[in-house]
Amino acid sequence: MATTTLTAPTEHACGPLLAAGHTACTGCGEALAAKLVLGAAGSNIIVTSATGCLEVFTTRFPQSSWEVPFIHSLFENSAAVASGIEAALKALGRQNEAKVIAQGGDGGTADIGLQALSGMLERGHDILYVCYDNEAYMNTGVQRSGLTPFDCMTTTSPYGEYSWGNKHNKKDMPGIAAAHGIPYVATASVAFPKDIENKVKKALTITGPKYLQIHSPCPLGWRSNPQLTIKVAKLAVETGLYPIFEIENGKVTKVRKVKTPKTPVEEYLKIQGRFAHLFKSAEAKEEIQKIQEIADRNIEKYGLA
Amino acid sequence: MRLDLGAIAKAGTSKANQTGSWRNFKPIFHQEKCIGCSLCKIYCPEGCVTMVEKKKYTVDYTYCKGCGICAEECSSSDIEMVMEEK
């Protein structure tokens, strides 16, 4: 049987592994996150991606932005396809030649792809799963997902007379992943690129299933200024609404502390159009208070103060 | 367009899309007050900011979509966004 090389061409090894010319919106947090993940992982990887923005803007057929082997399958089975690749590499005795990275958006991870991901985590495949969390189904026009935050306005959770937006809390996806008893679970944010690099590098040295969730602002869906992508991401972390932590073998081992005195959640909410309805009436103050309580609970739960 | 078996696309071929035409505002790298923190390069979602030499960065206008993240995050305010007329 003829063997083909699994690695990307060496001339690309020093350059960005996600080529320019992709069609992500201006100021896209997900494009930035994917670029940082690939940069940290290096060229000896095989990546899969669930359907979603990432897949659509990087693979406008017949073109591709990927400078590494890339497979797109369906919305729900990024983790299952990656499991197959990992099993095939093992069967061929070539598991040391390339690492496998599965990717998905928040919908493709926490809703549609959850059972495939759970299977991958349960079977113990040596794969890093990266979830780019932009907090709604952005590709199809901003519909709410399991990772959409409380009181957020999306096209399927509109603000109106009887609604303050999304009435459900954000699903604790890192907690669900950690409950599988896997060796490494972490969250990160595009505002802290060095942290992403460290976490990807660390994860790839660990054998077994790993889960990394990266908060990636979407200027289109969040109705924020593209220029402020990093600022928005930073405020989510500083207010405590997006806790950054590492869970190793079920124990929280590292967190990013928030500044004291703590930043009020209004700072984060007011620069995004998806929360604009919370600043229109006096009754909305109560809703902002509820969001502040979510942030306070996070700070207490993970010891961020 | 022909679809081959497996619908395989060649690596990095998206470079054919010159996304610079999307731009409304253009970042001007003054290269005067630059302290070389490289945040513009790190934070660019297109990956089109490159280092020419130490404390001197430049942007590839063929792909820059003009999001302005580089200008916003520049630690020495050395990048300016100007309206582009075409």
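Residues numbered from 1 in each chain as written. Chains lettered and ligands numbered in written order. Predicted model: local features only at pLDDT ≥ 70, side-chain atom pairs only at ≥ 80, totals over all residues. Heavy atoms only, no water.

For chain B, the name recorded in an unreviewed UniProt entry is Pyruvate:ferredoxin oxidoreductase, delta subunit, with Candidatus Jettenia ecosi as its organism. Here is the UniProt Cofactor (unreviewed entry) comment for chain B, exactly as written: "[4Fe-4S] cluster". (UniProt positions renumbered as here; feature names shortened; annotations may be inferred.)

As annotated in an unreviewed UniProt entry, chain A is Pyruvate:ferredoxin oxidoreductase, beta subunit from Candidatus Jettenia ecosi.

What follows concerns the pattern of salt bridges. Under the counting rule described, the total for this entry stands at 20 salt bridges over all chains. Residue Glu-67 of chain A pairs with Lys-15 of chain B through a salt bridge whose shortest N-O separation is 3.2 Å. Here the residue Glu-67 of chain A occupies a position in the loop between helix 2 (53-58) and strand 2 (70-72), and Lys-15 of chain B occupies one in the segment before strand 1 (25-29), the pair thus bridging two chains. A residue is classified by how much of its surface remains accessible, and Lys-15 of chain B, at 38% relative accessible area, is partly exposed. For the salt bridge of Asp-111 of chain A with Lys-171 of chain A, the shortest nitrogen-to-oxygen distance reads 3.5 Å. One end of the pair, Asp-111 of chain A, is in helix 4 (residues 106-111); the other, Lys-171 of chain A, is in the loop between strand 6 (163-164) and helix 6 (173-178), with 60 residues separating them in the sequence. Lys-171 of chain A gets classed as partly exposed once you look at its relative accessible area, which sits at 29%. Via salt bridges that share partners, Asp-133, Glu-135, Lys-170 and Arg-274 of chain A belong to a single interconnected network. (Salt bridge = Lys/Arg side-chain N within 4 Å of Asp/Glu carboxyl O. Helix = DSSP H or I, 4+ residues; strand = E, 2+ residues; numbered from the N terminus. Buried < 20%, exposed > 50% of the residue type's maximum accessible area, 1.4 Å probe, protein only.)

Right, let's talk about the confidence of the model for chain B for a bit. Considering every residue of chain B, the mean pLDDT works out to 91; 99% of them sit at 70 or more. When pLDDT is averaged over each helix and strand of chain B, the minimum, 92, is found for strand 2 (residues 49-53) of chain B and the maximum, 96, for strand 4 (residues 79-83) of chain B. (pLDDT = per-residue confidence, 0-100.)

As a general point, the strands of a sheet are linked pairwise by backbone hydrogen bonds and lie either parallel or antiparallel. All names here are of chain A. Ordered in space as 2-1-3-4-8-7-9-10, the eight strands form an open sheet in which the pairing is mixed. On the outer flanks of this sheet lie strand 2 and strand 10 (251-255), each paired with one strand and no other. Strand-to-strand twist of the sheet, defined as the mean angle between neighbouring strand axes without regard to direction, takes the value 20°. Strands in contact with helix 3 (residues 78-91) are strand 1 (45-49), strand 2, strand 3 (99-105) and strand 4 (127-133); relative to strand 3, the strand with the most contacts, it is inclined by about 175°. (Pairing = 2+ DSSP bridges. Axes fitted to C-alpha atoms, helices over the stretch in contact; angles between N-to-C directions. Contact = heavy atoms within 4.5 Å.)

What follows concerns the nonpolar core. All names here are of chain A. One finds Val-200, Ile-214 and Tyr-268 to be the most contacted residues of the largest nonpolar core, which totals 66 residues. In terms of residue count, the dominant contributor to this core is helix 1 (residues 29-41) (nine residues). Dropping the residues within four chain positions of it, Val-200 is found in contact with Val-37, Ala-40, Ala-41, Leu-128 and Leu-212. (Core = buried A, V, L, I, M, F, W, Y, C linked by side-chain atoms within 4.5 Å.)

Right, let's talk about the state of the cysteines for a bit. Residue and element names in this part refer to chain B. Taken as a whole, this structure holds zero disulfides over all chains when the rule is applied. Between Cys-40, a cysteine without a disulfide, and Cys-37, which holds the nearest cysteine sulfur, the sulfur-to-sulfur distance is 6.4 Å. Free of any disulfide, Cys-67 has its nearest neighbouring cysteine sulfur in Cys-70, separated by 6.3 Å. (Disulfide = S-S within 2.5 Å.)

What follows concerns the packing of helix 3 of chain A against helix 5 (residues 114-123) of chain A. One can describe the packing of helix 3 of chain A onto helix 5 of chain A by two numbers: an axis separation of 7 Å at closest approach and a directional angle of 35°. Along the contact surface, helix 3 of chain A presents Ala-79, Ala-80 and Ser-83 of chain A, while helix 5 of chain A presents Ala-116, Leu-117, Met-120 and Arg-123 of chain A.

The next point concerns the side chain of Lys-210 of chain A. Residue and element names in this part refer to chain A. Residue position: Lys-210 is located in strand 8 (residues 210-215). A polar atom in the side chain of Lys-210 sits 2.7 Å from the backbone oxygen of Ile-206. Within the structure, the side chain of Lys-210 is placed 2.9 Å from the backbone oxygen of Gly-208, a separation counted as a polar contact. Not counting residues within four places of it along the chain, the set of residues in contact with Lys-210 comprises Asp-126, Ile-127, Leu-128, Tyr-129, Ile-182, Tyr-184 and Ala-203. (Polar contact = N/O pair within 3.5 Å; in protein donor to acceptor, adjacent residues only side chain to side chain.)

Taken from the UniProt record, the annotation "domain: Thiamine pyrophosphate enzyme TPP-binding" (unreviewed entry) applies to residues 51-213 of chain A. With 34% helix and 19% strand, the stretch residues 51-213 of chain A has end C-alpha atoms that lie 17 Å from each other.

Along any regular strand the residues' side chains alternate between the sheet's two faces. Side chains Tyr-57 and Val-59 of chain B project from strand 3 (residues 56-59) of chain B onto a buried face, and the interleaved Lys-56 and Thr-58 of chain B project onto a face without burial. Linkage of strand 2 of chain B to strand 3 of chain B, two consecutive antiparallel strands, is achieved through a turn of two residues, within which Lys-55 of chain B is found at a positive phi near 60°.

Here the focus is the packing of aromatic side chains. For the structure on display, the rule yields six aromatic pairs over all chains. Ring centres of Trp-66 of chain A and Phe-70 of chain A lie 4.6 Å apart, and the angle between their planes is 10°; on these two criteria the pair is classed as stacked. Since its relative accessible area comes to 1%, Trp-66 of chain A is described here as buried. The ring of Tyr-61 of chain B is capped by Lys-26 of chain B, whose NZ or CZ atom sits 4.7 Å from the centre of that ring. (Phe/Tyr/Trp six-rings, centres within 6.5 Å; stacked < 30°, edge-to-face > 60°. Lys NZ or Arg CZ within 6 Å of the ring centre and 35° of its normal.)

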